[in-house]
Amino acid sequence: MEKPLVVVFGATGFIGRHVVQKLLSRGYLVRAAVRRPEQALFLKSMGDVGQVSLVRADVCSEGDVSEATIGAGAVVNSVGILTERGSQSFHNLHVFGTQLMIKAAIGAKVQHFVQISAIGADVTSPSKYSKSKALGEAALNQFPGAVSILRPSLVFGAQDKFFNRFAAMSRFSPVMTIINGGTRFQPVYVGDVAEAAARVLAKPPKSKDIIELGGPRTYSFRELIELMLQQLGRRRFLTSISDRIAMPIAFLLGLMPDPPLTIDQVRLLRRDNITSPTAQELADLDIVPTPLEVILPQYLRR
Ligand SMILES: NC(=O)c1ccc[n+]([C@@H]2O[C@H](COP(=O)([O-])OP(=O)(O)OC[C@H]3O[C@@H](n4cnc5c(N)ncnc54)[C@H](OP(=O)(O)O)[C@@H]3O)[C@@H](O)[C@H]2O)c1
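The model shown is predicted, which means the values in this text are computed figures rather than measured ones.

Asker: What is the right way to read the environment of glycine 16 from this model?
Answerer: By secondary structure assignment, the location of glycine 16 is in helix α1 (residues 14–25). For glycine 16, a relative accessible area of 0% corresponds to the buried category. For the pair glycine 16 and serine 220, spaced 204 residues apart in sequence, the C-alpha separation works out to 27 Å. The contacts of glycine 16, once residues within four sequence positions are left out, are Val8, Gly10, Ala11 and Ser78.

Asker: Explain the site of the ligand to me, please; I cannot follow it from the model alone.
Answerer: Taken together, 25 residues lie around the ligand, and Thr12, Phe14, Arg35, Tyr129 and Lys133 are the ones closest in. At 3.3 Å from an oxygen atom of the ligand is found a main-chain nitrogen or oxygen belonging to glycine 10. Contacts to the ligand include arginine 35, whose side-chain N or O atom sits 2.7 Å from an oxygen atom. For the ligand, the protein covers 84% of the area, taking 900 Å² as the surface of the free molecule. Elements with a contribution of two residues or more to the shell around the ligand: α1 and α5 (128–139). In terms of residue class, the shell around the ligand is built from 12 nonpolar, 8 polar and 5 charged.

Asker: Honestly, the packing of helix α8 (residues 221–232) against helix α11 (residues 292–299) in this entry has me stumped. Any pointers?
Answerer: Two elements in contact, α8 and α11, have axes whose closest approach is 10 Å; the angle formed by their N-to-C orientations is 45°. Relative to α11, the element α8 lies oblique. The crossing of α8 and α11 is right-handed. Residues Leu224, Leu227, Met228 and Gln231 of α8 form the contact with α11, whose participating residues are Leu292, Glu293, Leu296 and Pro297. Looking at the contact of α8 with α11, its residues break down into 6 nonpolar, 1 polar and 1 charged.

Thresholds applied
- All residue numbers refer to positions counted from 1 along the written sequence of the respective chain.
- Predicted model: local features are reported for residues with pLDDT of at least 70 only, side-chain atom pairs are reported and counted for 80 or more only, and whole-chain, interface and lining totals are derived from all residues.
- For side-chain calculations, the full set of non-hydrogen atoms in the structure is used, while hydrogens and water are omitted.
- Helix and strand definitions follow DSSP, with helices as H or I runs of at least four residues and strands as E runs of at least two, each counted in order from the N terminus.
- Buried residues are those whose accessible area, probed at 1.4 Å on protein chains only, stays under 20% of the maximum for their type, while exposed residues exceed 50% and partly exposed ones sit between those limits.
- Should any heavy atoms of two residues lie within 4.5 Å, those residues are considered in contact.
- What makes a residue near a molecule or strand is one non-hydrogen atom of that residue sitting within 4 Å of it.
- Each polar contact in these results corresponds to two N or O atoms within 3.5 Å; when the atoms are within protein, one needs to be able to donate a hydrogen and the other to accept it, and residues that are neighboring in sequence are counted only if both atoms are side-chain atoms.
- Values of accessible area rely on a 1.4 Å probe in the Shrake-Rupley scheme; residue burial ignores everything except the protein chains shown.
- Residues were grouped as follows: Ala, Val, Leu, Ile, Met, Phe, Trp, Tyr, Cys and Pro as nonpolar; Asp, Glu, Lys and Arg as charged; and all remaining residues, including Gly, as polar.
- For helices, the fitted line uses only the C-alpha atoms of the stretch in contact; every axis is such a line through C-alpha atoms, and the angle between N-to-C directions lies from 0 to 180 degrees.
- If an angle is under 35 degrees, it is roughly parallel; if it is over 145, roughly antiparallel; if it lies from 65 to 115, roughly perpendicular; otherwise it is oblique.
- Take the far helix as your reference; a near helix turned counterclockwise from it by less than a right angle gives a left-handed crossing, and one turned clockwise gives a right-handed crossing.

If you want it as C-alpha cells, here you go:
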C-alpha cells in the first residue's frame, strides 16, 4: 500500500523533528508545516531530495492550516508550549489550533490524525496547560477518521528542556531548590515517542486510541535531579519546597521574558506525571522503552 503524505505541525520542535526523521526513514513523504520555513531547512537534509517539503503555517491562521493540509493522508500535531506569552496562549495553540487542524483535515479528507498530547491532560486539572491539552483531545471527537492520541510523560533526549535547563542551573549555583520533590515522573525517550508516532501511522486504529508513553521506571523529581547531578559529576545541596511556598517565587519569575518557572508549572507539579495502570502504553506498540540511564550520559557530559 502506498504511504500517505504526512503533514507534521510543530516539525521544528524537540519531538516534532524526531517524528519527521522516523517517518522519512520509513519512506513517507513529509510536509513540515512551520512558522519560519527559512529556519527549518535542516529538516530537508534529513531525507532524500524532495522527500520533505516546507510550508509556512501558523496554527492560529485558518488559511495557513487549511493550505498546509491539502492532499495529506495523515496529520501529526506536535505543536505546544509550556509557557504562555501574548497570543501564544495555551488556548490558542492547544485548543483553537487543534480545532483549525481538525477542520482542515476534515476538508482535505485526511484519514488519520495523530495528536501529541500529555500525561495529565484533564479538564479538572489545576494547571491551564493540562486543561488545554484535554480540550485539544476533546476537539478530536469531531474528527471522523482514525485518531491516535499519544500522551508522553516527561520527554528526554539531547535537546530536551528539562535536563538541559537544570544542568545549566546547576553549573554556577551550589544550592538547587526543587518544588514538590516527591512528585513522580516516568521519563520517556524522545526516540520512543517518535517511534510510537511512526507505528500508529503504519497501523491506524479503527476509531480512537489513547496511548500513554512512559519510560521503564518512575522517579521522584528529587531523584531525577540527583541522577542528573551524578551524571555531571557535581555535588550540590538540594532543598525541596512545597508548591504553596513556590507560588510567589513563580509569580515573580513568570514576569521574565523567558521565565524559568511559572505559576502554571508549579500547579503541574501537584500531580504525578506517570502512566495509568489501565492505559495502553509503549508495550502495546511492541516498543521496549529506553532507560534514562542509557541516554543521559550521551548528552549530559561531566
Ligand atoms: N517535551 C516534553 O517533555 C513533553 C512532554 C509531554 C508532552 N509534550 C507535548 O509534545 C508536544 C511537542 O513538545 P516539544 O517538547 O517538541 O515542544 P517544542 O520543542 O517547544 O516544539 C513546539 C513546536 O510548536 C511550534 N509552534 C509553536 N507555536 C506555533 C504556532 N503558533 N504555529 C505553528 N507552530 C507553532 C514550534 O515552532 P517554532 O519553531 O516556530 O517555534 C515548535 O515546532 C507539545 O504538544 C507538548 O505539549 C512534550
